[in-house]
Each structure stands twice: as structure tokens, then as C-alpha cells.
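Architecture and fold: a report
For reference, the chains in residue letters:
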Amino acid sequence: MAIVLRTVSINAAFLQEIKDDHHELRQLMHHISAMLERPDWMPIEFDRLTDLFEKLRDQLAMHFSLEEAYGYFEDALAVAPRLSRRADQLRSQHGELYSQLCAMTDRAEQLLYHETTVAAVGQLAADYLAFCQAFHEHERRENDLILEAIDEDLGGGD
């Protein structure tokens, strides 16, 4: 009788690329937050804000592509298939989060080319804060899933 054991393999180069990508994401998110949280007396540079949103949108697309294309979950799920439903839910959030950011990027561009109101900037800031919270929760849940699969692989749950 043959026994097949599966283990989670970790590609160090891939993990470094994800880490670098995540650092860039955090930097862009921080800069956008800082611009949107400026006091009323400090004007927002809408061309810079639009540029930051566009860079963040592109970086987020890259981030999600890396996770999906390089099998970020596959090895872990092969070891712990019971986690596949959670992984599918997390993958489906990629499109939702990306769409939200695209809509905010469009709104930032509208602020650049149209008359800006305090209410429009305030709404963009509120929506961006909600996006950041959802994104960070999503990333936390992805990390938890991977760690749970690795823990199961190593026998830590025994």
C-alpha cells in the first residue's frame, strides 16, 4: 500500500516578491491616507492624489495577480483541502476590492478635472478608509488561512 504525503512548499523568491509588493502597497496606501487626512487649511494636490490612486490600483492588480498566478494557496490547500471554501471566498474578494479601488481612482480623477467640493473629498476619504479596513482584513484572513494550512501540514494541531 502506497501512502502519499503532501507538504507545503515555500518558494523563497516568490515570498520575497510578495513581500516587496506588499511593502509598495503599504507605502502607497499610507501616502493616500496622509493626503486625504490633511486639515482643511492644507490644500490637496489632486494631480498627486490621482497619480497615487492610479499607482495603487496598478500595484493592487499586480498583488492579486501574484497571489493567483503563482499558486499562493494551492500547495497549502492540497495539504488541507477542507480550507478550499475559505480560499475561494478570499479569491473572490480580489475582484471586489479591485473594483472598489478602480471606482475611487475614477473619482479622484474627477476631482482633478472638475470643481471640487468638501463633501466630495470627504466622501472619497470615508470610502478609502473603508477600503483600507476591508483590504487589511482580507490580507489578515489570507495569512491566517496559509498559517492554518502550514500548521496542519506540520502537525501542530495535534
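Residues numbered from 1 in each chain as written. Predicted model: local features only at pLDDT ≥ 70, side-chain atom pairs only at ≥ 80, totals over all residues. Heavy atoms only, no water.

Brief notes about the overall build of the chain
- In terms of regular secondary structure, the chain is built from five helices and zero strands.
- Secondary structure elements of the chain occur, N-terminal to C-terminal, as α-α-α-α-α.
- Residue burial in the chain is summarised as follows: out of 158 residues, 34% are buried.
- In the chain, once contacts between residues fewer than 6 apart in sequence are set aside, the share between residues at least 24 apart is 81%.
- Within the structure as shown, the chain displays about 9,700 Å² of accessible surface, and the carbon and sulfur contribution to it stands at 53%. (Helix = DSSP H or I, 4+ residues; strand = E, 2+ residues; numbered from the N terminus. Buried < 20%, exposed > 50% of the residue type's maximum accessible area, 1.4 Å probe, protein only. Contact = heavy atoms within 4.5 Å. Areas by Shrake-Rupley, 256 points an atom, 1.4 Å probe, with all protein chains shown as cover.)

A closer look at the packing of aromatic side chains
- Taken as a whole and assessed by the stated rule, the structure comprises four aromatic pairs.
- Taken together, a centroid distance of 6.4 Å and an interplanar angle of 55° make the contact between Phe64 and Phe135 tilted. Highlighted residues: Phe64 in helix 2 (residues 46-69) and Phe135 in helix 5 (residues 118-154), separated in sequence by 71 residues. The two residues Phe64 and Phe135 agree in class, both being buried.
- One aromatic cluster is present, built from ring pairs that chain together Phe53, Phe64, Tyr128, Phe131 and Phe135. (Phe/Tyr/Trp six-rings, centres within 6.5 Å; stacked < 30°, edge-to-face > 60°.)

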